[in-house]
Amino acid sequence: MDNIHIIEQQEQVLSDIQYKEKPVYEACKRIFDAVCSLAAIVVLSPVFLIVALLIVINDPGSPFFVQERIGRNNKAFRMIKFRSMYKDAEARKAELMKHNEYADVHFKMENDPRITPVGRIIRKTSIDELPQLINILKGDMSIIGPRPFIRSEQEQLPSDRLLVKPGLSCYWQIHDTAKMSNEEQLELDYRYIRERSFATDIKLIFKTVAVVFTGKNS
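1. Here we look at the side chain of D189
Considering the arrangement of structural elements, one finds D189 in helix α8 (residues 182-195). Those residues in contact with D189, other than ones at most four positions away along the chain, are P146, R161 and W172.

Rendered as structure tokens:
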């Protein structure tokens, strides 16, 4: 099935997204995001320093990986992560595409040779995602929301998933993502857009923490 058909089917099935504006919730959520992200950055600053040093020792260069992602209302922003790959990772991506485990939009392969030894550890523990707390503090992202993709990937997906601010975690990240199809991930993004509330956000935060510490997806 080509990408155009994927988009058409998703827009047809999920066109009744039941999106509702929630100004009070959005304003309170922004305050919650800012306070929690600032507190987390302060508390975790020693972890940031240690991880950054380990990355540089393993593969000299910037400890951070900054990439343009697409956020709410199709607005681009620069998402920050700890660098888990060798510096030439993007250049080597084309030659590895034949090993892509996804049949459609995303790229992922088992034992990706571009990942550094330190990178494997911080990916397994999700520590590589921690710098996105800076994006949350800036207002580019939220703690909970659909994950942001690069433009080439987002252009192959329905734009309705951009109705809300992207997040550090979401419904499909607390499940076994490796076994989840692109369509299933989209369905969970739409589920969050319909169900978003403080109760939903708190539930997903606790489930995300549980996944990080146990390594088990629900």
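2. Structural notes on the pairing of strand β2 (residues 76-82)
Burial analysis of β2 places 5 of its 7 residues in the buried class, which makes it a mostly covered element. Bridge analysis of strand β1 (residues 64-70) against β2 gives 7 bridges, and the strand direction is antiparallel. Counted as the bridge partner of I70 is A76 from β2. Following β1, the chain reverses through 5 residues before pairing antiparallel with β2; N73 in that reversal takes a positive phi of roughly 55°.

3. Points about the packing of helix α2 (residues 23-43) against helix α9 (residues 198-214)
The interhelical angle for the contact between α2 and α9, taken along N-to-C directions, is 30°, at an axis separation of 11 Å. Between α2 and α9, the interaxial angle falls into the category roughly parallel. Here α2 contributes Y25, C28, K29 and F32 to the contact with α9, which in turn contributes F198, D201, I202 and I205. Tallied by class, the residues present in the contact of α2 with α9 amount to 6 nonpolar, no polar and 2 charged.

4. Quick look at the environment of I80
For I80, the position within the fold is in strand β2. As a C-alpha pair, I80 and F64 span 16 residues in sequence and 6.7 Å in three-dimensional space. In this structure, I80 is in contact with F64, F65, V66, P131, Q132, I134 and N135, ignoring residues within four places of it in sequence.

5. Details of empty space enclosed by the protein
Following the criterion strictly, the structure yields 1 cavity of 30 Å³ or more and no others. Estimates place the volume of the largest cavity at around 50 Å³. Every residue lining the largest cavity is listed: K29, F32, D33, I143, I144, F198, D201, I202 and I205. Elements supplying a minimum of two residues to the lining of the largest cavity: α2, β3 (142-144) and α9.

6. A few points about the environment of Q185
With respect to the helices and strands, the residue Q185 is situated in helix α8. Counting along the chain gives 12 residues from Q185 to Q173, while the straight-line C-alpha distance between them is 8.9 Å.

7. A short note on the packing of α8 against α9
Relative placement of two packed helices is described by the angle separating their axes and the distance separating the axes. Interaxial distance between α8 and α9 falls to 9 Å at its minimum, and their mutual angle equals 135°. Classed by the angle they form, the pair α8 and α9 counts as oblique. Of the residues in α9, those touching α8 at R191, Y192 and E195 are T200, D201, K203 and L204. For the contact of α8 with α9, a count of residues per class yields 2 nonpolar, 1 polar and 4 charged.

8. What to know about the packing of aromatic side chains
The geometry of an aromatic ring pair comes down to the distance between the two centres and the angle between the two planes. Under the definition given, this model contains 5 aromatic pairs. Where Y25 meets F198, the ring centres are 5.4 Å apart and the plane angle is 75°; that geometry is what we call edge-to-face. With Y25 in helix α2 and F198 in helix α9, this residue pair connects regions lying 173 residues apart in the sequence. Here Y25 falls in the buried class, since its relative accessible area comes to 9%.

The rules behind each value
Residues numbered from 1 in each chain as written. Predicted model: local features only at pLDDT ≥ 70, side-chain atom pairs only at ≥ 80, totals over all residues. Heavy atoms only, no water. Helix = DSSP H or I, 4+ residues; strand = E, 2+ residues; numbered from the N terminus. Contact = heavy atoms within 4.5 Å. Buried < 20%, exposed > 50% of the residue type's maximum accessible area, 1.4 Å probe, protein only. Pairing = 2+ DSSP bridges. Axes fitted to C-alpha atoms, helices over the stretch in contact; angles between N-to-C directions. Parallel < 35°, antiparallel > 145°, perpendicular 65-115°, else oblique. Nonpolar A, V, L, I, M, F, W, Y, C, P; charged D, E, K, R; others polar. 1 Å grid on protein atoms, 1.4 Å probe; cavity = no way out; pocket = protein on both sides within 12 Å on 5 of 7 lines; lining within 4 Å. Points joined across faces, edges and corners; volume = space filled by probe spheres on them. Phe/Tyr/Trp six-rings, centres within 6.5 Å; stacked < 30°, edge-to-face > 60°.

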